[in-house]
Amino acid sequence: MKMDEVKSGRPATVYHFPGSLGHPVATQDDVDELYFFEITGNGGFVIRRIVTLEDGSPICEVVSNRSHSIKNFVWPPKSPQKDTDQLTSSGDRNPKNLVFQNGDIWFSQTINIDDRAAVQWHQVKTDGSIVQTGLISSKTSNYIQTTIAVNKKNDVVVGFQETNENMFISPRMAFRKAKDPKGSLREIVSLGEGQGFTDGVSWGDYSGSIIDGDNLKDLWTIQSITDKNGKGDTVIVKVPFR
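This text gives an overview of the structure that appears in the document. Just so you know, these numbers come straight off a predicted model, no measurement behind them.

1. Overview of the overall build of the protein chain
Right, so step 1: Check the secondary structure of the protein chain and you find one helix and 18 strands.
Right, so step 2: Taking 2.2 N^0.38 as the reference for a compact globule, 242 residues should give roughly 18 Å; the C-alpha atoms of the protein chain span a radius of gyration of 19 Å, in line with that estimate.
Right, so step 3: The dimensions of the protein chain, computed from C-alpha atoms along their principal axes, are 60 × 40 × 40 Å.
Right, so step 4: The burial tally for the protein chain puts 48% of its 242 residues in the buried class.
Right, so step 5: Surface accessibility of the protein chain: about 12,200 Å² in total, with carbon and sulfur atoms responsible for 49%.
Right, so step 6: Treating the 27 positive side-chain charges of the protein chain as one cloud and the 30 negative ones as another, the clouds have centres 5 Å apart.

Below you can see the structure in the form of structure tokens.
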């Protein structure tokens, strides 16, 4: 829509683009363009953006379309839980949230490492090249349902949940500061321990991570935790950065 029409209260023209543009990217930089990110089935990144012409009408253009060199990109398997044979959904290879911060696109995803769900995160330039990639994996546990948050200093929080044959679904996070070595996260932080198993395959997109809108430094993560009945409660954590 043309923002001058929306702000003036006049009827706004709505523009449609054919097909899927990819996943929208949450823009935290002071830019007008809207970015969209797609992971293709043949191992590529497609980055598109919406820009406006002089008359205010939008057009969609492909910023980059290139293959990536990331080794681990297979969809995650379902994950086990304590006290039951019922497997649960691990999340999606496609990211749930993407962040445009300091000119780069950041996202995390759930993937398959040795038949267990694992979390992988990335910083990608708009030309599709990778700045850094990190991995959270275990030979004995499963990391599922991930989201990422990035502040204006490039400090990062990755939120997710952990589950395995001896554990109920439990909230976790890991963080890094911009000065840390590329591709690294500090130790996993427990945000609580689940109390029961879910009785269904579905364990929806119960993960969120976001920047603090007041100071643009602190980061928040919102994760689910199972109660004694196997239902999802919510843990909300503020991670302060200075």
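So that's the structure; there's more coming.
2. Focus: unusual backbone geometry
Right, so step 1: Positive phi, close to 65°, is recorded for Asp 83, a residue that is not glycine.
Right, so step 2: Here Asp 83 is to be found in the loop between strand S6 (79-81) and strand S7 (84-88).
Right, so step 3: Overall, the relative accessible area of 57% leaves Asp 83 in the exposed class.
Right, so step 4: Phi is positive for Asn 102, which is not a glycine, with a value near 55°.
Right, so step 5: Among the secondary structure elements, Asn 102 is positioned in the loop between strand S8 (98-101) and strand S9 (104-113).

3. Details of the nonpolar core
Right, so step 1: Counting 13 residues, the largest nonpolar core has Val 25, Phe 37, Ile 39, Phe 45, Leu 98, Ile 105 and Phe 107 as the members making the most contacts within it.
Right, so step 2: Going through the elements one at a time, strand S3 (34-39), strand S4 (44-52), S8 and S9 are the ones with two or more residues in this core.
Right, so step 3: The greatest single-element share of this core, amounting to three residues, is contributed by S3.
Right, so step 4: The residues touching Ile 39, leaving out its near neighbours within four places in the chain, are Gly 44, Phe 45, Phe 73, Arg 93, Asn 94, Pro 95, Phe 107 and Gln 109.

4. Focus: the pairing of strand S5 (residues 58-67)
Right, so step 1: Summarising the sheet, S4 and S5 pair through nine bridges and their orientation is antiparallel. Residue pairing for S5: Phe 45 is matched across the bridge by Arg 66.
Right, so step 2: In this antiparallel pair of consecutive strands, S4 and S5, the connection spans five residues, and Gly 56 shows a positive phi of 90°.

5. Some remarks on the environment of Arg 66
Right, so step 1: One can find Arg 66 in strand S5.
Right, so step 2: For the pair formed by Arg 66 and Ser 129, sequence separation is 63 residues and the distance between their alpha carbons is 8.2 Å.
Right, so step 3: For Arg 66, the contacting residues outside a window of four places in its chain are Gly 44, Phe 45, Asp 127, Gly 128 and Ser 129.
Right, so step 4: A distance of 3.2 Å separates a polar side-chain atom of Arg 66 from the backbone oxygen of Asp 127.

6. A closer look at the packing of aromatic side chains
Aromatic ring pairs are reported here in terms of the distance separating the ring centres and the angle at which the planes meet.
Right, so step 1: This model, assessed by the stated rule, comprises seven aromatic pairs.
Right, so step 2: Both rings, one in Tyr 35 and one in Phe 100, keep their centres 4.6 Å apart while their planes meet at 15°; by these two values the pair is stacked. With Tyr 35 in strand S3 and Phe 100 in strand S8, the pair connects residues that are 65 residues apart, well separated along the chain. Each member of the pair Tyr 35 and Phe 100 is classed as buried.
Right, so step 3: Among the aromatic residues, those joined into a cluster by ring pairs are Phe 37, Phe 45, Phe 73 and Phe 107.

The rules behind each value
Residues numbered from 1 in each chain as written. Predicted model: local features only at pLDDT ≥ 70, side-chain atom pairs only at ≥ 80, totals over all residues. Heavy atoms only, no water. Helix = DSSP H or I, 4+ residues; strand = E, 2+ residues; numbered from the N terminus. Rg over C-alpha atoms; globule rule 2.2 N^0.38 Å. Buried < 20%, exposed > 50% of the residue type's maximum accessible area, 1.4 Å probe, protein only. Areas by Shrake-Rupley, 256 points an atom, 1.4 Å probe, with all protein chains shown as cover. Lys, Arg positive; Asp, Glu negative; His and termini not counted. Charge placed at Lys NZ, Arg CZ, Asp CG, Glu CD. Core = buried A, V, L, I, M, F, W, Y, C linked by side-chain atoms within 4.5 Å. Contact = heavy atoms within 4.5 Å. Pairing = 2+ DSSP bridges. Polar contact = N/O pair within 3.5 Å; in protein donor to acceptor, adjacent residues only side chain to side chain. Phe/Tyr/Trp six-rings, centres within 6.5 Å; stacked < 30°, edge-to-face > 60°.

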